[in-house]
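A structural walkthrough
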Amino acid sequence: MIQSLKDDFEVILVSPRNYFLFSPLLPSAATGTLEPRTITESIRQYCHRNQSDNYSYLEATASSIDPDNNIVHCTDITGKTAKNENFSIEYDYLVVGVGSKCTTFGTKGVEEYATYLKTIEDAQKIRTGILDCFETANLPMTDQEKRDILSFVVVGGGPTGIEFAAELNDFITEDLKKWFPHLIDKVSISVIQSREHILNTFDSNISTYTEKLFSRNNIDIKTMSRVKEVKENSIMVLDKNTNQVNEYPFGLCLWSTGITKVPITSQLCESLGTDIQTNRRAILVDHKMKVKGSNNIFAIG
């Protein structure tokens, strides 16, 4: 979009990270299939290519939007104590592309003990966590303790969770098997899904194929199951068919159960009116991506 605009526009980009992230490839970065740098692109490079003073980038977070007065309130997040740590930017047109965050449905223990996969930092944390599980299981302990530590749980049978489970299985069977051949038979990967099938928003043929593939690869799929609580080293799961609550140990738990609004998105929707912005998970727009309830705000991504 920046490259298509003429010089009679002043474009200011505000973002807490100075790079664009191609998030669909995060599961590959988390298991080492791809290096993190290969799925990022510098924001400043985009601005520099235009060789114009009309394009600028500010490393800050947008804390709130005042749609009545056309103002975005921002906060410096660099960690340095600047005199103008909080500042405001006026706009004629505003494009909101802040993304979303994982929803926990208020499940106890998720924030403390589970891991998300939304950022490069998350991917690096997961990769370190996987290796830590194997290094710890390599120490002297009982076989059951090794199995508990090498139990990997994925909560959510959507695209991110399924892609990660598949990438994790490949990482273990193709790479870690060379380093820890004596531990591979103690590894387990489980996917917990609240619906009857994984990838339930896709065509049923895709869901069926994936379930058969996972079965051949010994990836356990627990459908019709809902997480009641995440503990430090285990997860409590309700079986909807039997109404029983079972406890499963884990060394690493990935939480990928869907998305919800980030705070600034919720604030914007409230400012525009909850009678207009009725979607609980996203911003409502028209066919031109213009935010409903506004004449000069657009939302993408």
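Just above, that's the structure.
Below you will find a few notes about this structure.

Parameters at a glance
Residues numbered from 1 in each chain as written. Predicted model: local features only at pLDDT ≥ 70, side-chain atom pairs only at ≥ 80, totals over all residues. Heavy atoms only, no water. Patch = residues over 30% accessible without salt bridge, like charges linked within 9 Å, V, L, I, M, F, W, Y side chains within 5 Å. Areas by Shrake-Rupley, 256 points an atom, 1.4 Å probe, with all protein chains shown as cover. Salt bridge = Lys/Arg side-chain N within 4 Å of Asp/Glu carboxyl O. Helix = DSSP H or I, 4+ residues; strand = E, 2+ residues; numbered from the N terminus. Contact = heavy atoms within 4.5 Å. Disulfide = S-S within 2.5 Å. Buried < 20%, exposed > 50% of the residue type's maximum accessible area, 1.4 Å probe, protein only. 1 Å grid on protein atoms, 1.4 Å probe; cavity = no way out; pocket = protein on both sides within 12 Å on 5 of 7 lines; lining within 4 Å. Points joined across faces, edges and corners; volume = space filled by probe spheres on them. Nonpolar A, V, L, I, M, F, W, Y, C, P; charged D, E, K, R; others polar. Phe/Tyr/Trp six-rings, centres within 6.5 Å; stacked < 30°, edge-to-face > 60°.

1. Topic: a nonpolar patch on the surface
A cluster of nonpolar side chains, namely Phe-20, Phe-22, Leu-25 and Tyr-46, defines an oily patch on the protein surface of about 350 Å² accessible area. With respect to the helices and strands, Tyr-46 occurs in helix H2 (residues 43-49).

2. A short note on the environment of Leu-176
By secondary structure assignment, the location of Leu-176 is in helix H6 (residues 159-179). For the pair Leu-176 and Leu-131, spaced 45 residues apart in the sequence, the C-alpha separation amounts to 8.7 Å. Not counting residues within four places of it along the chain, the set of residues in contact with Leu-176 comprises Ile-130, Leu-131, Phe-134, Phe-171, Pro-181 and Ile-184.

3. Thoughts on the state of the cysteines
Applying the stated criterion across every chain yields a total of zero disulfides. Cysteine Cys-133 shares no disulfide, and the gap to the nearest cysteine sulfur, in Cys-253, comes to 11 Å. You can see Cys-269 has no disulfide; the closest cysteine sulfur is in Cys-74, sitting 18 Å from it. On the basis of relative accessibility, which here comes to 3%, the residue Cys-269 falls in the buried class.

4. Focus on the layout of surface pockets
By volume, the second largest pocket amounts to about 230 Å³. Taken together, Glu-112, Tyr-113, Ala-114, Thr-115, Lys-125, Gly-129, Cys-133, Glu-232, Phe-250, Gly-251, Leu-252 and Cys-253 make up the lining of the second largest pocket. Among the elements of the structure, helix H3 (110-113), helix H4 (120-137) and strand E15 (252-255) are those that each provide at least two residues to the lining of the second largest pocket. Looking at the lining of the second largest pocket element by element, the count peaks at three residues for H4. Tallied by class, the residues present in the lining of the second largest pocket amount to six nonpolar, three polar and three charged.

5. Looking at the packing of aromatic side chains
The way to describe two aromatic rings as a pair is by their centre distance and the angle between their planes. As enumerated under the stated definition, the model contains two aromatic pairs in all. Where Phe-134 meets Phe-152, the ring centres are 6.3 Å apart and the plane angle is 20°; that geometry is what we call stacked. A residue pair is termed long-range when its members are at least 10 positions apart, and Phe-134 in helix H4 and Phe-152 in strand E9 (residues 151-155) qualify at 18 residues. Ring centres 5.4 Å apart and planes at 35° place the aromatic pair Phe-134 and Phe-180 in the tilted group. Separated by 46 residues along the polypeptide, Phe-134 in helix H4 and Phe-180 in the loop between H6 and strand E10 (188-192) bring together distant segments of the chain.

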